[in-house]
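# Inside the fold
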Amino acid sequence: KWRGAAVRVLRGGGAGSPRAASGEAAAQLRRRLESELEDIRGAGTWKSERVIASRQGPHLRLAGGGAGAYGTAGRALGLFPRCDARASLSLPAGILNFCANNYLGLSSHPEVIRAAVEALEKFGAGLSSVRFICGTQSIHKDLEEKIARFHQREDAILYASCFDANAGIFEALLTPEDAVLSDELNHASIIDGIRLCKANKYRYKHMDMQDLEAKLQDAQKHRLRLVATDGAFSMDGDIAPLREICQLAQKYDALVFIDECHATGFLGPNGRGTDELLGVMDKVTIINSTLGKALGGAAGGYTTGPKPLIDLLRQRSRPYLFSNSLPPAVVGCASKALDLLLESNAIAQSMAAKTQRFRSKMTAAGFTISGKDHPICPVMLGDARLAAVMAEDMLNRGIYVIGFSYPVVPKGKARIRVQISAVHSDEDIDRCVEAFTEVGRKHGALP
């Protein structure tokens, strides 16, 4: 009976046409917004959302056509042992996806999906509560322990996203007596999180250690100094010089914070991230990262580090205190993704050769690829319109990539960002390079 009543209530509240606010103020707002939107279209920086009608993976079906299935690379790595081989090879209209953060191909891994379904059935759809009231289940504590063990840290705390983790840490940790030193190209969530805190703020030039040292010298007058950097920068595919940052931090008695969203799961011998890759795991104090990219791709973020810090965040971090707990299905799939990484480093290690194949072939074709040795491979074009037109033409050839331009990247540095996944085959990569070469010549990006 209660189900029927709920359905009737929902239906009763959802009928009718959309209502627009009336009055001159609302009309003035609408005119201003429409003008701003038209300016975005005119500048060639409008961002469209293509609708996917299949699971996330290297092969997609877009709404309106195109078949999607997993290719031979997934089976070769043992990621999709239960896939139907005939379906995997039937891709006459398939779209090759080269723009997802699905680095390890775990978003549709059968064991990850199964773990999510089991958690959904056992623990329900959600908690309808924040953590400290009645929103903490055993699976939340288990996942936090597993994250800490994976990163070899003392403790961890879950958030709805890494954006929330970044929004919640600086304000809780730093006071007006302290200082935070941030790379100028840090992710927007780090920038926004730093804006929320009352610490003294320094911004150093991108990966410029001389400038960072000068800022650290100036910050000696403050009680605590925290250097904040992305481990891997998502728009440029470059990796922070953590060895040098940690040396400077030690010299000037500072702490190091890294955002590992584009590193966790696949950088380093065991996929633990840039601190493992560069041999400074014992020198980085705080790590923020995501469950929404390599670790299952669903949602969620976390902070891991010293236990007293994690305890403090549970008491003071506003996004944690005032946001619902992660849904059980999300917790289940992230936990299984970590299990797979803890059992074997084979998936993480498969990335290097695929990344090198794409980068070397694109460079040989005449393109400029930003960054180094990272599966984020920005194809630098400069012009925003060129990036948008080439990305659209790539889709016409069955390759799904996205052009990035201002304000996501600085003006004059528009690019098409390509992202390599462990489940891309060599054939997938070669087809992508061939399409780029054709489209680049067509639009004058190549001679």
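Rules used throughout
- Residues numbered from 1 in each chain as written.
- Predicted model: local features only at pLDDT ≥ 70, side-chain atom pairs only at ≥ 80, totals over all residues.
- Heavy atoms only, no water.
- Pairing = 2+ DSSP bridges.
- Helix = DSSP H or I, 4+ residues; strand = E, 2+ residues; numbered from the N terminus.
- Axes fitted to C-alpha atoms, helices over the stretch in contact; angles between N-to-C directions.
- Buried < 20%, exposed > 50% of the residue type's maximum accessible area, 1.4 Å probe, protein only.
- Contact = heavy atoms within 4.5 Å.
- Phe/Tyr/Trp six-rings, centres within 6.5 Å; stacked < 30°, edge-to-face > 60°.
- Lys NZ or Arg CZ within 6 Å of the ring centre and 35° of its normal.
- Salt bridge = Lys/Arg side-chain N within 4 Å of Asp/Glu carboxyl O.
- Parallel < 35°, antiparallel > 145°, perpendicular 65-115°, else oblique.
- Left-handed = near helix turned anticlockwise from the far one by under 90°.
- Nonpolar A, V, L, I, M, F, W, Y, C, P; charged D, E, K, R; others polar.
- Core = buried A, V, L, I, M, F, W, Y, C linked by side-chain atoms within 4.5 Å.
- pLDDT = per-residue confidence, 0-100.

### Observations concerning the sheet that holds strand β12 (residues 402-404)
Neighbouring strands of a sheet are bound in pairs by backbone hydrogen bonds; such pairs are parallel or else antiparallel. Judged by pairing direction, the sheet is antiparallel, and its three strands sit side by side in the order β10-β13-β12 without closing on themselves. A strand with exactly one partner marks an edge of an open sheet, and here the two such strands are β10 (376-382) and β12. Averaged over neighbouring strand pairs, the angle between their axes works out to 30° when direction is ignored.

### Here we look at the sheet that holds strand β1 (residues 59-60)
Strand order in the open sheet made by the three strands is β1-β2-β11, with mixed pairing throughout. Each edge of the open sheet is held by one strand with a lone partner, namely β1 and β11 (399-400).

### What to know about the environment of valine 180
In this structure, valine 180 sits in strand β4 (residues 179-183). Overall, valine 180 belongs to the buried group, its relative accessible area being 1%. Taking the C-alpha atoms as reference points, valine 180 and alanine 254, 74 residues apart in sequence, are found 9.5 Å from one another. Not counting residues within four places of it along the chain, the set of residues in contact with valine 180 comprises Phe170, Leu174, Ile194, Ala199, Asn200, Lys201, Tyr202, Leu226 and Ala228.

### Points about the packing of aromatic side chains
The final tally for this structure, using the stated rule, is four aromatic pairs. Looking at arginine 272, its charged tip hangs above the ring of phenylalanine 150, at a distance of 5.6 Å from the centre. Its end group placed over the ring of tyrosine 406, lysine 411 keeps NZ or CZ at 4.8 Å from the ring centre.

### Some words on the pattern of salt bridges
On inspection of all chains with the given rule, the structure shows 28 salt bridges. The residue arginine 31 makes a salt bridge to glutamate 24 at a minimum N-O spacing of 2.9 Å. Given a relative accessible area of 48%, arginine 31 falls into the partly exposed group. Classification of glutamate 24 by relative accessible area gives exposed; the value is 54%. As a salt-bridge pair, glutamate 34 and arginine 30 come within 4.0 Å of each other at their nearest N and O atoms. With glutamate 34 and arginine 30 both in helix α2 (residues 24-42) and four residues apart, the pair spans about one turn of that helix.

### Quick notes on the packing of helix α5 (residues 110-123) against helix α15 (residues 328-343)
It is the contact of α5 with α15, at a shortest axis distance of 7 Å, that shows an interaxial angle of 140°. If you check the angle between α5 and α15, you find them oblique. Crossing angle aside, the handedness with which α5 passes α15 is right-handed. Every residue of α15 that contacts α5 at Glu111, Val112, Ala115, Ala116, Ala119, Leu120 and Phe123 is listed here: Pro328, Ala329, Gly332, Cys333, Lys336, Ala337 and Leu340. Looking at the contact of α5 with α15 residue by residue, the classes come out as eleven nonpolar, one polar and two charged.

### Re the nonpolar core
Leu212, Ile245 and Leu291 are the most contacted members of the largest nonpolar core, which has 58 residues in total. Looking at this core, the element that brings in the most residues is α15, giving eight residues. In this structure, leucine 212 is in contact with Leu181, Tyr204, Val227, Ile245 and Leu248, ignoring residues within four places of it in sequence. Membership of the second largest hydrophobic core comes to 28 residues, among which are Leu96, Val433, Ala435 and Val439.

### Brief notes about the confidence of the model for the chain
Residue-level pLDDT values for the chain average 90, and 89% of them are 70 or greater. Throughout residues 66-92 the model reports pLDDT below 50, and contacts reaching past four residues in sequence, or to other chains, amount to 62 contacts.

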